[in-house]
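Coordinate analysis (summary)
Now for the letters of each chain:
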Amino acid sequence: MIGVLDPSREATCTMGKRKSRAKPAPRKRMDKLDTVFSCPFCNHGTSVECRIDMKNLIGEASCRICQENFSTTVTALTEPIDIYSEWIDECERVNTVDEDGVPVEDDEA
Ligand SMILES: [Zn+2]
């Protein structure tokens, strides 16, 4: 049987294929701390992981998708979210500052 493509039939086919939107889970107090965040560079929702090196007091956030990373000094009270928000702050600072003397690369092949 060679069927003619029927657009109305196509439409019904998508039923039940809807992706359920991921809702941010309500933050539980004193439970597991968030250590996974969305990446400011590739916008992947759960690709950034924060690590804290207590020995050297260095906090690191890195994206496993685009390999962007950020590190900063931490204290005993620093939490992963602090490292992440510092990274975001840093990104915003870079974005708001006019690229002085930095040539804009042309991506023409
Ligand atoms: Zn990324």
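These numbers come from a predicted model, not from an experiment.

The rules behind the values
Residues numbered from 1 in each chain as written. Predicted model: local features only at pLDDT ≥ 70, side-chain atom pairs only at ≥ 80, totals over all residues. Helix = DSSP H or I, 4+ residues; strand = E, 2+ residues; numbered from the N terminus. Buried ≥ 20, exposed ≤ 12 C-beta atoms within 10 Å, placed from the backbone. Contact = placed C-beta atoms within 7 Å. Pairing = 2+ DSSP bridges. Axes fitted to C-alpha atoms, helices over the stretch in contact; angles between N-to-C directions. Core = buried A, V, L, I, M, F, W, Y, C linked by C-beta atoms within 7 Å.

1. Overview of the overall build of the protein
In terms of regular secondary structure, the protein is built from two helices and four strands. Looking at the protein residue by residue over its 109 residues, the buried ones come to 12%. Counting only contacts in the protein whose residues sit at least 6 apart along the sequence, the fraction spanning at least 24 positions is 30%.

2. A short note on the sheet that holds strand β2 (residues 48–53)
The four strands are arranged β1-β2-β3-β4 in an open sheet whose pairing can be described as antiparallel. The two strands at the open ends of the sheet, each matched to only one other strand, are β1 (36–37) and β4 (69–73). One ladder, built from six bridges, connects β2 with strand β3 (residues 58–63); its direction is antiparallel. Residue Glu49 lies in a different strand from β3, and its bridge partner there is Ser62. Lying over the sheet, helix α2 (residues 80–96) contacts β1, β2, β3 and β4, oriented at roughly 115° with respect to β2.

3. Re the pairing of β4
Taken residue by residue, a regular strand's side chains alternate between the two faces of the sheet. Here β3 pairs with β4 via five bridges, running antiparallel. When the sheet's bridge partners are listed, Ser62 is paired in β4 with Asn69. Between β3 and β4, which pair antiparallel and follow one another directly, the connecting turn spans five residues, one of which, Gln67, has a positive phi of 65°.

4. Remarks on the environment of Ser62
Mapped onto the fold, Ser62 is located in strand β3. Those residues within four positions of Ser62 in sequence are excluded, and the remaining contacts are Val48, Glu49, Glu68 and Asn69.

5. Thoughts on the environment of Ala76
Residue position: Ala76 is located in the loop between β4 and α2. When the 7 C-beta atoms within 10 Å are taken as the criterion, Ala76 is described as exposed.

6. Some points on the pairing of β3
Covered by surrounding structure in β3 are Gly59, Ala61 and Cys63 only, the residues Ile58, Glu60 and Ser62 on the alternate face being uncovered. Linking β2 back to β3 in an antiparallel pair, the connection comprises four residues, with Leu57 at a positive phi of about 55°.

7. Notes on the nonpolar core
The biggest cluster of nonpolar side chains holds 11 residues, and these are Phe37, Cys39, Val48, Cys50, Ile52, Ala61, Cys63, Val74, Ile83, Tyr84 and Trp87. Elements supplying a minimum of two residues to this core: β2, β3 and α2. If sequence neighbours within four positions are ignored, Ile52 has contacts with Gly59, Val74, Thr78 and Pro80.

No statement about biological role is implied by the geometric values presented.
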